[in-house]
Amino acid sequence: MKLRHNKNFVWGAAITAFMVAVILVGMIWTPYDPNAMDGGAKMLSPRLTHLLGTDNFGRDILSRVIEGAGATFLIAAATVAIGLTAGLIIGGLTGYYGGWLDEVIMRLNDAVAAFPSILLALVLIALMEPGKSSIILALGLLFVPSFARVVRAEVARQKSQDYVASARLMGAGDLRVLFAHILPNIVPVLLPSVAIGFNNAVLAEASMSYLGVGVQPPDASLGRMLNEAQGYLLTAPWYALSVGVAIILLILGFGLISEGLGGRSDA
Amino acid sequence: MKKTGVLLVTLLLISLLAFLAFQIIPGDPTTKLLGNEYTPERAEALRHEMGLDRNVFVRYWDWLTGFVTGDMGASYSYGMSVEAVMEGKGIVTAALSLMAWLLVIAISIPLGITLARWQGGRLDRVFVAMNQVFMAIPPFFLGILFTYIFGLVLKLFVPGGFIRPEQSLWGFFGYLVFPALAIAIPKAAMVTKLLRSSILGQMQENYVRTAYSRGNSRWGVIRGHVLRNAILPVVTFVAMTLADIVAGSIVVEQVFALPGLGRLLLASIGNRDYPVVQCIVVIIAAVVVFMNYLADIVTQYIDPRIRLG
């Protein structure tokens, strides 16, 4: 089935494109300065001048949500980049060479994967100082096993294919075969994992920052904002709602893309 | 038997890693304990008193034997033993996780079967359209929504309130219902989807055609033939979700201010109270690993074709 006829993919791509467009615009322009306080405009309900209302300091919630979504998205991207790079190297080498090292690394992988991810992230954060770079590093490390597993399985499957044998006959070295010949062929299998990786990274970052062990003030993030918004649930429910919907849209977009690409969203 | 060996080794590894992890952190616990009274001599004396100057593996062994016998060491920040700090917290997290897990089963099994039975029906179409949305809602945001709708607007419970099981068992469970639902709903969406597609996948098999030809109705085929095959992957998945549910309860305890292990863990991370962090991490990890082990055994029991060795 063509991707553009796949409802999941089309919806996911549309939602993600919308969010990315908003984030990109937010980098050069937001309706208000996200940090500008306005004592005369505290806790305004949504209206034309403030589409999502204002918070307890009179800051424009729409501008803050846009800024927070950008921060969350960047952290997710960095996390996925770390997990994917390390996963490609580890999975590629173990899948290609096999042997006892492969066994050891894969068992270690299983052990890490069996752990509740939040718990592991919390341990790593406890060992470092909470903050933006810690959360990226901790989540990035957590994502290595799942990528390594996918890459390893696929490389192991591809290495007995004819094109690999012919590349070797033409004198290509191991690394060249692995990264120039096999790698392009595993991209289609890797794409759903990347999408679901984004999905999980956004969720993990939002959870950790909500718990107060992720991004620290004055840095923005959707999770942190939800934590603040919870205190004003009775007086300004639109605050928590706007932030929550932004988180859901980010997760939903990537989830649908992964589903459309044929990935398993429970992986 | 081999599985049991792997289980024991894994448990040992987890405890060793958790112990070592908190030994390599930069900074000396004595610095914080002594505070303004810090002098190098005092620090040295305290290190000796706490046994920090001994070999790390000796300390690990001491800690492990203590842990197993219920002597978990002293908390840095509460001025009492770790067991005393944790008292009454474990039951909250355990009850919350178990309740969420049972809710996942209670929601998704009947729902998944119903959807597959009337595939393409109105309910099925609504589910297929909405399912991804439910899976995308983070449990903590669902918790905040519940706090607003059921706590603040409908006043079914007092947000931030809690009743200890000793005071009233029903009250205790009552306060856990909404947190458990917040954890369960996204998971239930996943399990429902898995069961539905597992049943529909089995419906393509040859034995199903045979069952139809004997005059069974669609429901008769599902109930009598398909379900026992279709449920297998679901059982494995449901057993494995317990790990995620325990992790989810760490976050959701914070949303509803429930005094469980998750909340204590976060407070202890904030206080850099490593003995407490270490014990909670090992306990939660051990429970999760043990549950995965049980899941393997159950899977093997209900389907003897699977030999796990």
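For clarity, every value in this text was computed on a predicted model and none was experimentally measured.

Could you give me a rundown of the side chain of A:S193, with the residues and numbers involved?
Residue and element names in this part refer to chain A. Relative to the helices and strands, S193 resides in helix α7 (residues 174–210). Residue classification places S193 among the buried positions, given a relative accessible area of 15%. Those residues in contact with S193, other than ones at most four positions away along the chain, are F147 and V150.

I'd like to hear about a nonpolar patch on the surface, residue by residue, with values.
All names here are of chain A. On the surface, I89, I90, L93, Y97, L175 and F179 cluster together into a nonpolar patch covering about 520 Å² of accessible area. Within the residue set of the nonpolar patch, elements represented by two or more residues are α2 (61–97) and α7. By residue number, the principal contributor to the nonpolar patch is α2, which donates four residues.

Outline the nonpolar core, listing residues and values.
Formed by 153 residues in total, the largest nonpolar core has its most connected members in A:L122, A:L226, B:I199, B:F256 and B:L265. Leave out the neighbours within four places in its chain, and A:L226 touches A:Y210, A:A240, A:V243, A:G244, A:I247, B:F140, B:F141 and B:I144.

Which residues make up the packing of aromatic side chains, and what are the values?
All names here are of chain B. For the structure on display, the rule yields 17 aromatic pairs over all chains. With 5.3 Å between their ring centres and 40° between their planes, W63 and F67 make a pair best called tilted. With W63 and F67 both in helix α4 (residues 56–68) and four residues apart, the pair spans about one turn of that helix. In this structure, W63 and F67 share a single accessibility class: buried. Linked through ring pairs, F146, F150, F157, Y175, F178 and F256 together constitute an aromatic cluster.

The rules behind each value
Residues numbered from 1 in each chain as written. Chains lettered and ligands numbered in written order. Predicted model: local features only at pLDDT ≥ 70, side-chain atom pairs only at ≥ 80, totals over all residues. Heavy atoms only, no water. Helix = DSSP H or I, 4+ residues; strand = E, 2+ residues; numbered from the N terminus. Buried < 20%, exposed > 50% of the residue type's maximum accessible area, 1.4 Å probe, protein only. Contact = heavy atoms within 4.5 Å. Patch = residues over 30% accessible without salt bridge, like charges linked within 9 Å, V, L, I, M, F, W, Y side chains within 5 Å. Areas by Shrake-Rupley, 256 points an atom, 1.4 Å probe, with all protein chains shown as cover. Salt bridge = Lys/Arg side-chain N within 4 Å of Asp/Glu carboxyl O. Core = buried A, V, L, I, M, F, W, Y, C linked by side-chain atoms within 4.5 Å. Phe/Tyr/Trp six-rings, centres within 6.5 Å; stacked < 30°, edge-to-face > 60°.

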